[in-house]
Amino acid sequence: MITRIIGTGSSLPSNLVTNDDLSKIMDTSDEWISSRTGIKERRLAKEETTASMAAEASRKALENAGISAEEIDLIIVGTITGDYVTPSTSCEIQAKLGAVNAVAFDVNAACSGFMFALHTAHIYLQSGIYKTALIIGAETLSKIMDWNDRSTCVLFGDGAGAAIVRAYAQARNEKGGLLAFEQGSDGAKGKVLACRDRVNNNPLIQNPLEPGYVSMDGQEVYKFAVGTVPASIIKVLEMSELKTEDIKYFVLHQANIRIIQSVAKRLKVSEEKFPLSLDHCGNISAASVPILLDEMNRKGMLKAGDKIVMSGFGAGLTWGTAVIEW
Ligand code: COA
């Protein structure tokens, strides 16, 4: 079986917030944010929710793929900011789309969430259990930011991206679609980028803690990313017997321009092969990779036969990388 991405879609909130807008409500500046991160603006949700953006991105992906919601067998949403603890965002999407034949569940792998969803769908498709999957990365990160912590809240945005993946029978020796993937976790370092959920306040416990907001040791996260991501990319290239020269684009999680520049340098690859959306989106965790992929798809940047590396990395700590032939 070959797992191909056959459609993409994305959705951003309508409300645009520039670095200058932020500098009016906190002690920061466009110069500080742009020079350290490459981020110039982001969208922050007002009316939109994680599920509403995920549903819009999914409808666009279905249209792009030219298939109906009834054809979807599997829905996996990567998110850490669902609207409900339960039902899952994927069950909400199933209902919104009328994807009555799908099984639906979420994965919590933060900024690697879309990649983990892709890899999980790939395994189901390869095994022959399902034929068509809808995978989504969707986040309303603005609701878990500490808006008094200028070192984190300026980095993140809200939005959703989706892709339709489908299994195709493979002719003898034919290659294509998802060629190789690699993923990993390092839970021992989890606290460098964390957000505590609600605490137990059952009648046996008097717990003074409130639900938390995102806290981050930026320099530790930076070191993790620039060490792990190039190593993960090299692994998938070896697995698929490809070289960096064979890759048209490296579609990385959009956390920070400096991380992307460092990965490019370590791989000895031109930065031109690393497309960006962080300038206008900020970091949207699980949604970053599929939003960027959709932007590239709609600009006509992806041609049949192009080989593309996609990589997500972040809280957990987690990382996931795949090489695909478009
Ligand atoms: N505006 C203005 N000043 C700010 C600021 C802001 N938004 N946020 C922090 N500062 C100040 C700090 O208070 C500090 O001031 P001080 O020296 O007077 O104490 C100064 O800027 C430097 O802060 P520091 O945290 O050392 O900056 P840095 O060079 O490490 O850059 C990050 C911070 C977050 C940009 C950087 O660590 C980074 O990009 N890390 C990776 C984070 C990431 O991508 N996470 C998501 C991964 S999925």
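The structure we're discussing is the one just above.
Conventions we followed
Residues numbered from 1 in each chain as written. Predicted model: local features only at pLDDT ≥ 70, side-chain atom pairs only at ≥ 80, totals over all residues. Heavy atoms only, no water. Phe/Tyr/Trp six-rings, centres within 6.5 Å; stacked < 30°, edge-to-face > 60°. Helix = DSSP H or I, 4+ residues; strand = E, 2+ residues; numbered from the N terminus. Buried < 20%, exposed > 50% of the residue type's maximum accessible area, 1.4 Å probe, protein only. Polar contact = N/O pair within 3.5 Å; in protein donor to acceptor, adjacent residues only side chain to side chain. Pairing = 2+ DSSP bridges. Axes fitted to C-alpha atoms, helices over the stretch in contact; angles between N-to-C directions. Salt bridge = Lys/Arg side-chain N within 4 Å of Asp/Glu carboxyl O. Contact = heavy atoms within 4.5 Å.

**Student:** Explanation requested: the packing of aromatic side chains in the structure shown.
**Tutor:** Pairs of aromatic rings are described using the distance from one ring centre to the other and the angle between the two planes. This structure, assessed with the given rule, holds three aromatic pairs. Centroid distance Phe 224 to Trp 319: 6.0 Å. Interplanar angle 55°. Geometry classified as tilted. With Phe 224 in helix H7 (residues 218-239) and Trp 319 in strand E13 (residues 318-325), this residue pair connects regions lying 95 residues apart in the sequence. Relative to Phe 274, the ring of Phe 250 lies with its centre 4.9 Å away and its plane at 10°, an arrangement referred to as stacked. Here Phe 274 lies in the loop between helix H8 (257-267) and helix H9 (278-281) and Phe 250 lies in strand E11 (residues 249-252), a separation of 24 residues in the sequence.

**Student:** So what exactly am I meant to see when it comes to the environment of Gln 170 here?
**Tutor:** With respect to the secondary-structure elements, Gln 170 resides in the loop between strand E7 (158-168) and strand E8 (177-185). Given a relative accessible area of 43%, Gln 170 falls into the partly exposed group. Each C-alpha atom, one on Gln 170 and one on Thr 3, is 9.7 Å from the other, the two residues being 167 residues apart in sequence. At a separation of 3.1 Å, a polar atom in the side chain of Gln 170 contacts the main-chain amide nitrogen of Met 1.

**Student:** Explanation requested: the sheet that holds E11 in the structure shown.
**Tutor:** Consider a sheet: its strands pair through backbone hydrogen bonds, and that pairing is either parallel or antiparallel. Here we have four strands laid out as an open sheet, ordered E8-E13-E12-E11, and mixed in their pairing. Edge positions in the sheet fall to E8 and E11, since each of these pairs with one other strand and no more. Pairs of neighbouring strands in the sheet enclose a mean axial angle of 15°, with direction left out of account. Here E11 runs beside strand E12 (residues 307-314); their pairing, made up of four bridges, is parallel.

**Student:** Got a minute to help me understand the pattern of salt bridges in this structure?
**Tutor:** Oppositely charged side chains can form a pair if their charged atoms are brought close together. For the coordinates displayed, the defined rule picks out 11 salt bridges. Put simply, Lys 235 and Glu 182 hold a salt bridge, and the shortest N to O gap is 3.4 Å. Of this pair, Lys 235 sits in helix H7 while Glu 182 is found in strand E8, placing the two residues 53 residues apart along the sequence. Overall, Lys 235 belongs to the partly exposed group, its relative accessible area being 44%. Overall, Glu 182 belongs to the buried group, its relative accessible area being 10%. The partner of Lys 223 in a salt bridge is Glu 220, and the shortest N-O contact between them spans 2.9 Å. Remark: Glu 220 and Lys 223 occur in helix H7; sequence separation between them is three residues, near one turn of the helix. Classification of Lys 223 by relative accessible area gives exposed; the value is 52%.

**Student:** Explain H8 here, please?
**Tutor:** Within an α-helix, residues lying three or four positions from one another point in the same direction, as the helix has 3.6 residues per turn. Every buried residue of H8 is accounted for by Ile 257, Ile 259, Ile 260, Ser 262, Val 263, Ala 264 and Leu 267. Buried residues along H8 sit in contact with helix H2 (30-37), H7, E11, H9 and E12. Of the residues flanking the start of H8, the one acting as N-cap is Asn 256, its side-chain oxygen 2.6 Å from the backbone nitrogen of Arg 258. Phi turns positive one or two residues past the end of H8, at Lys 268, with a value near 60°.

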